[in-house]
Amino acid sequence: MNAGESPRRLPRRWRRLLRLLRSAAVGAGVGWVLFSYVAQVFRIEGESMSPSLRPGERVVVDKLGFRLGTIERGDVLVFRLPGDEQATMVKRVVGLPGETVQFEGNEITVMPSAPMGPEARSVFVEDGHFFVAGDNRPRSSDSRRFGLLAEDAVIGRAVFRVAPPGRIRPAPQ
């Protein structure tokens, strides 16, 4: 190149392709951050949350907001299954830290103090843990089976049902 000559520019179609690739990379990066830290879509498996959430439905899970606030009774949580970090489950919070949850068969009672009744099983919910159960108690594997849910196993709170199209609405609370 001689002095005074401008550098040769890429043909227009290559410049367009580079802009498209740059936009795709930025979009992929933003998507990764959103799905890693803010929200994620999960598919409902099984009937443990029926009729509130049915098999095959998809829910958006808020992965950030619940960490900024508190988990409350009635919240629907998606979490890693205790003992199997690859498996996820969705259940409703029934018992909060400091409460005693008494259960007999499919009946669950929450008490602010010590358990009553000789036939029922009970568990005290420790700090940093929750007692969770499916809405369809007879078909739910929940805290009655696997014990208390540790707060650090929680992925997020279900906030919106996005599929199927006829059932799009806020997640059941």
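Residues numbered from 1 in each chain as written. Predicted model: local features only at pLDDT ≥ 70, side-chain atom pairs only at ≥ 80, totals over all residues. Heavy atoms only, no water.

### Focus on the packing of aromatic side chains
As a reminder of what qualifies: Classification of ring pairs rests on two measures: the distance between centres of Phe, Tyr or Trp rings, Trp counted by its six-membered ring, which must be within 6.5 Å, and the angle between planes, read as stacked under 30 degrees, edge-to-face over 60 and tilted in between. Put simply, DSSP H or I for four residues or longer makes a helix, DSSP E for two residues or longer makes a strand, and each gets a number counted from the N terminus. For every residue, the accessible area (1.4 Å probe, protein chains only) is compared with the maximum for its type, and the residue is labelled buried under 20%, exposed over 50%, or partly exposed between those bounds.
Applying the stated criterion across every chain, the model contains 2 aromatic pairs. Relative to phenylalanine 146, the ring of phenylalanine 79 has its centre 6.0 Å away and its plane inclined at 55°; by these criteria the two rings are tilted. Of this pair, phenylalanine 79 sits in strand β3 (residues 76-81) while phenylalanine 146 sits in helix α3 (residues 143-146), placing them 67 residues apart in sequence. Each member of the pair phenylalanine 79 and phenylalanine 146 is classed as buried. The interplanar angle of 40° and the centroid separation of 5.7 Å between the aromatic rings of phenylalanine 103 and phenylalanine 131 together place this pair among those described as tilted.

### Structural notes on the side chain of lysine 63
Note the threshold: The charge count includes Lys and Arg as positive and Asp and Glu as negative, but it does not include His or the ends of the chains. One speaks of a salt bridge when a side-chain nitrogen belonging to Lys or Arg is within 4 Å of a carboxyl oxygen belonging to Asp or Glu. Under this definition, polar contacts are N or O atom pairs within 3.5 Å; protein pairs additionally need one hydrogen-donor-capable and one acceptor-capable atom, and for neighbouring residues in sequence, both atoms have to be side-chain atoms.
Note on placement: lysine 63 falls in the loop between β2 (58-62) and α2 (65-68). As a buried residue without a salt bridge, lysine 63 has its nearest oppositely charged side chain in aspartate 62, at a separation of 9.5 Å. Side-chain polar atoms of lysine 63 contact the side chain of glutamine 40, separated by 2.9 Å.

### A look at the pattern of salt bridges
Oppositely charged side chains may form a pair once their charged atoms are brought near each other. Under the defined criterion, the tally for this structure stands at 7 salt bridges. Across the salt bridge formed by arginine 43 and glutamate 45, the nearest N and O atoms sit 2.8 Å from each other. Here glutamate 45 falls in the exposed class, since its relative accessible area comes to 55%. A salt bridge links arginine 92 to aspartate 135; the shortest N-O distance between them is 2.8 Å. Here aspartate 135 lies in the loop between β8 (129-133) and α3 and arginine 92 lies in strand β4 (residues 84-95), a separation of 43 residues in the sequence. Looking at arginine 92, the relative accessible area reads 13%, which means it is buried. The class of aspartate 135 is partly exposed, set by a relative accessible area of 23%.

### Section: the sheet that holds strand β5 (residues 100-104)
As a general point, the strands of a sheet are linked pairwise by backbone hydrogen bonds and lie either parallel or antiparallel. The following threshold applies: Paired strands, in this sense, are two strands between which DSSP finds at least two bridges. Each axis is a line fitted through C-alpha atoms, and for a helix only the stretch in contact is used; angles between axes span 0 to 180 degrees, taken between their N-to-C directions.
Taken together, the 3 strands give an open sheet; going across it, the order is β6-β5-β7, and neighbouring strands pair in antiparallel fashion. The outermost strands of the open sheet, each flanked by one partner alone, are β6 (107-111) and β7 (121-124). On average, each strand axis in the sheet is inclined to that of its neighbour by 20°, with strand direction left out of account. With 4 bridges joining them, β5 and β7 adopt antiparallel strand pairing. Paired with valine 101 across the strands is valine 123, a residue of β7.

### Things to note about the confidence of the model for the protein chain
Under the convention used in this document: The pLDDT value expresses, per residue, how confident the predictor is, ranging between 0 and 100.
Counting all residues, the mean pLDDT for the protein chain is 84, and 90% of those residues have values of 70 or more. For the protein chain, the element scoring lowest by mean pLDDT is strand β11 (residues 169-170), at 75; β8 scores highest, at 95.

### Observations concerning a nonpolar patch on the surface
Convention followed: Nonpolar side chains (Val, Leu, Ile, Met, Phe, Trp, Tyr) within 5 Å and like charges within 9 Å form the patches, drawn only from residues with over 30% relative accessible area and no salt bridge. Exposure was quantified through the Shrake-Rupley algorithm and a 1.4 Å probe, taking into account, for residues, occlusion by the shown protein chains and nothing else.
Nonpolar side chains collect at one region of the surface, where Leu10, Trp14, Leu17, Leu18, Leu20 and Leu21 lie side by side and expose about 590 Å² of accessible area between them. Inspection of the secondary structure puts leucine 21 in helix α1 (residues 12-38).

### As for the nonpolar core
Stated formally: The definition of a nonpolar core used throughout is a set of buried Ala, Val, Leu, Ile, Met, Phe, Trp, Tyr and Cys residues joined through side-chain atoms within 4.5 Å. We call two residues in contact when some of their heavy atoms are within 4.5 Å.
Core analysis: the largest hydrophobic core is formed by 13 residues, its most contacted members being Ile71, Leu77, Phe79, Val93, Val132 and Leu149. At the level of secondary structure, the elements contributing two or more residues to this core comprise β3, β4 and β8. Apart from the residues lying within four places of it in its own chain, the contact partners of phenylalanine 79 are Ala87, Thr88, Met89, Val90, Lys91, Val132, Phe146, Leu149, Ala153, Val154 and Ile155. Formed by 12 residues, the second largest nonpolar core is a distinct cluster that contains Ile44, Val78, Ile155 and Ala171.

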